[in-house]
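Structural description and commentary
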There are 2 protein chains.
Amino acid sequence: MFANSAGGYPGFGQPAVDPQVQQWFQAVDKDRSGQINWQELQAALINGQGQNFSTTACKLMIGMFDTDKTGTIDINEFQLLYGYINQWLTVFRNYDRDSSGSIEEPELGQAFQQMGFRLSPEFVKFLIARSDMKDHKQMSVDQFIVTCVQIQRFTEAFRAKDTELKGVITLAFEEFLSIAINCSAE
Amino acid sequence: MFANSAGGYPGFGQPAVDPQVQQWFQAVDKDRSGQINWQELQAALINGQGQNFSTTACKLMIGMFDTDKTGTIDINEFQLLYGYINQWLTVFRNYDRDSSGSIEEPELGQAFQQMGFRLSPEFVKFLIARSDMKDHKQMSVDQFIVTCVQIQRFTEAFRAKDTELKGVITLAFEEFLSIAINCSAE
């Protein structure tokens, strides 16, 4: 049944699907459509505080791997997403020392650093304050994922403009607007 | 019962609440808590395609008037939101000639212009393509509201940096990142 037990030529066609990913996919795909939408993903993902992942996080993750722009992902796209989520979770768990499902600073700064982002302590504070409307103290795993994806996109957009590696970019209004809107989570 | 029939000194204390706003507030406030959250707002607002307003639009609108950061708005904050929504709707309906609940270009460009945004035809195309994943042809009223709020925020951020009115701004990476994340819809 699994693509990787069907023989054929390695390196050709669709990538082989890991049996564990196959199991996950079937559990998430509640309506057995062979496709997962953001609602199914949201129903399956719980953050450490016992809440489902945010709508923003789920739409963002589907959108990242929905290469054919159908609003859903198939099992091959899901395998890529699964690997991506696990990469984030591994970093996150590493710094969530009390397994509370959220990270406080300065651990959050270290987690970002491990993800390849060098951010000042002030900026990490700003990100936490923005995520934790109530206490300004911590960031949950789904917020961590959304934040990493946003930073990643803005970093790429910045680098594309900073061709001389000056660390500063100059933007006209519509340029600024299109980058900002394009990289937004929604 | 209404604040504006209670006498008192005009110009002092809370603004008077319009009887129509009062009626609307009571209809939207399903749990009679005296506060409206984004879920109640979403249940009350239908766009022209018969769909509820997006989660992004509803959270954004609550957030704009939730001055005490409780995640909900009271009747005075609702009155401000109500006026704001009606301002957008008036512009939108003016250009939605067939009352379809969505605008196509070039009318969308004219609607933005009436809102005070001067955007090139190419940029209007980009915004439509981003909103209408399927056909790249039209924008619904809730997407219009989200887009206007985003453009407004980015315009203010741009102007704050463009102190010499050069039409271009120079940003270091974290400056760029904080403006972009701060102005995002979520």
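This is a predicted model, so every value here is computed, not measured.

Before going further, it helps to spend a moment on the overall build of chain A. Of regular secondary structure, chain A possesses eight helices and three strands. When the helices and strands of chain A are listed from N to C terminus, the series reads α-α-α-α-β-α-α-β-α-β-α. Taking all 186 residues of chain A together, the buried fraction comes to 44%. Within chain A, residue pairs in contact and separated by at least 24 positions form 53% of the contacts whose partners lie at least 6 positions apart. When the accessible surface of chain A is totalled, it reaches about 10000 Å², and 51% of it is carbon and sulfur.

What follows covers the relation of the copies chain B and chain A. With an RMSD of 0.0 Å, the operation that places chain B on chain A is a rotation of 180° combined with a shift of 0.0 Å along the axis. Expressed as a symmetry operation, the mapping of one chain copy onto the other fits a two-fold axis. No C-alpha of chain B approaches the rotation axis more nearly than that of Thr170(B), which lies at 2.1 Å.

Once that is clear, we can look at unusual backbone geometry. All names here are of chain A. Cis geometry is adopted by the peptide bond preceding Pro106, which originates at Glu105 and carries an omega value of 5°. Secondary-structure assignment places Pro106 in the loop between strand 1 (102-104) and helix 5 (107-114). Within the chain, Leu165 stands out as a residue other than glycine whose phi angle is a positive 55°. Inspection of the secondary structure assignment puts Leu165 in the loop between helix 7 (141-161) and strand 3 (168-172). According to the relative accessible area criterion, Leu165 is exposed, its value standing at 73%.

On to the UniProt feature "domain: EF-hand" (unreviewed entry) in chain A. All names here are of chain A. Per the UniProt annotation, the sites labelled "domain: EF-hand" (unreviewed entry) are residues 16-51 and 83-118. Split by type, residues 16-51 is 47% helix and 0% strand. Its first and last C-alpha atoms lie 32 Å apart. As annotated, residues 83-118 comprises 58% helix and 8% strand, and the C-alpha atoms at either end are separated by 23 Å.

Moving on to the interface of chain B and chain A. Contact with chain B, which involves 31 residues of that partner, is made by 30 residues of chain A. Taken together, the two surfaces of chain B and chain A that pack against each other cover about 3200 Å², and 67% of this comes from carbon and sulfur. Connecting chain B to chain A are zero salt bridges. Joining chain B to chain A, the criterion identifies seven residue pairs in polar contact (both at pLDDT 80 or more). Secondary structure elements with two or more residues in the side of chain B that touches chain A: helix 6 (121-131), helix 7 (141-161), strand 3 (168-172) and helix 8 (173-183) of chain B. For the side of chain B that touches chain A, the leading source of residues is helix 8 of chain B, giving nine residues. Here the residues of the side of chain B that touches chain A sort into 18 nonpolar, nine polar and four charged. Pairing of strand 3 of chain A with strand 3 of chain B involves five bridges; the strand directions are antiparallel. Bridge pairing in strand 3 of chain B places Ile169(A) opposite Leu171(B).

A separate point is the packing of aromatic side chains. Applying the stated criterion across every chain yields a total of 22 aromatic pairs over all chains. Note on Phe173(A) and Phe158(B): the rings are 5.1 Å apart at their centroids and 75° apart in plane angle, and the pair reads as edge-to-face. Here Phe173(A), found in helix 8 (residues 173-183), pairs with Phe158(B), found in helix 7, and the two come from separate chains. Owing to a relative accessible area of 5%, Phe158(B) belongs among the buried residues under this scheme. Through a chain of ring-to-ring contacts, the aromatic side chains of Trp24(A), Phe25(A), Phe78(A) and Tyr82(A) assemble into a single cluster.

What follows concerns the packing of helix 7 of chain B against helix 8 of chain B. Residues and elements named next belong to chain B. Relative orientation of the contacting elements helix 7 and helix 8 amounts to 150°, with a least axis distance of 9 Å. Relative to helix 8, the element helix 7 lies roughly antiparallel. Where helix 7 crosses over helix 8, the handedness of that crossing is right-handed. Here Gln150, Arg153, Phe154, Ala157 and Lys161 of helix 7 lie close against helix 8, whose contacting residues are Glu175, Ile179, Ala180, Asn182 and Cys183.

Glancing now at helix 4 (residues 75-95) of chain B. When the terminal C-alpha atoms of helix 4 of chain B are compared, their 30 Å separation across 21 residues agrees well with the 30 Å that a helix rising 1.5 Å per residue should span. N-cap assignment for helix 4 of chain B: the residue whose side-chain oxygen lies 3.1 Å from the backbone N of Asn76(B) is Asp74(B).

Residue and element names in this part refer to chain A. Scored by pLDDT, chain A has a mean of 84; 90% of the residues are at 70 or more. The spread of mean pLDDT over the elements of chain A runs between helix 8, the lowest at 85, and strand 3, the highest at 94. Note that residues 1-12 has pLDDT below 50 and, in this model, eight contacts with residues that lie over four places away or in other chains.

A word on the side chain of Ser102(A). Residues and elements named next belong to chain A. Locating Ser102 in the fold gives a position in strand 1. A distance of 3.2 Å separates the side chain of Ser102 from the side chain of Gln138, its partner in a polar contact. With residues near it in sequence (within four places) discarded, Ser102 still touches Gln49, Phe92, Asp96, Gln138, Met139 and Ser140.

Each value, and the rule that gives it
- Residues numbered from 1 in each chain as written.
- Chains lettered and ligands numbered in written order.
- Predicted model: local features only at pLDDT ≥ 70, side-chain atom pairs only at ≥ 80, totals over all residues.
- Heavy atoms only, no water.
- Helix = DSSP H or I, 4+ residues; strand = E, 2+ residues; numbered from the N terminus.
- Buried < 20%, exposed > 50% of the residue type's maximum accessible area, 1.4 Å probe, protein only.
- Contact = heavy atoms within 4.5 Å.
- Areas by Shrake-Rupley, 256 points an atom, 1.4 Å probe, with all protein chains shown as cover.
- Least-squares fit on C-alpha atoms with pLDDT ≥ 70 in both.
- UniProt positions renumbered as here; feature names shortened; annotations may be inferred.
- Buried area = accessible area lost by both parts, 1.4 Å probe.
- Salt bridge = Lys/Arg side-chain N within 4 Å of Asp/Glu carboxyl O.
- Polar contact = N/O pair within 3.5 Å; in protein donor to acceptor, adjacent residues only side chain to side chain.
- Nonpolar A, V, L, I, M, F, W, Y, C, P; charged D, E, K, R; others polar.
- Pairing = 2+ DSSP bridges.
- Phe/Tyr/Trp six-rings, centres within 6.5 Å; stacked < 30°, edge-to-face > 60°.
- Axes fitted to C-alpha atoms, helices over the stretch in contact; angles between N-to-C directions.
- Parallel < 35°, antiparallel > 145°, perpendicular 65-115°, else oblique.
- Left-handed = near helix turned anticlockwise from the far one by under 90°.
- Expected span 1.5 Å × (residues − 1).
- pLDDT = per-residue confidence, 0-100.

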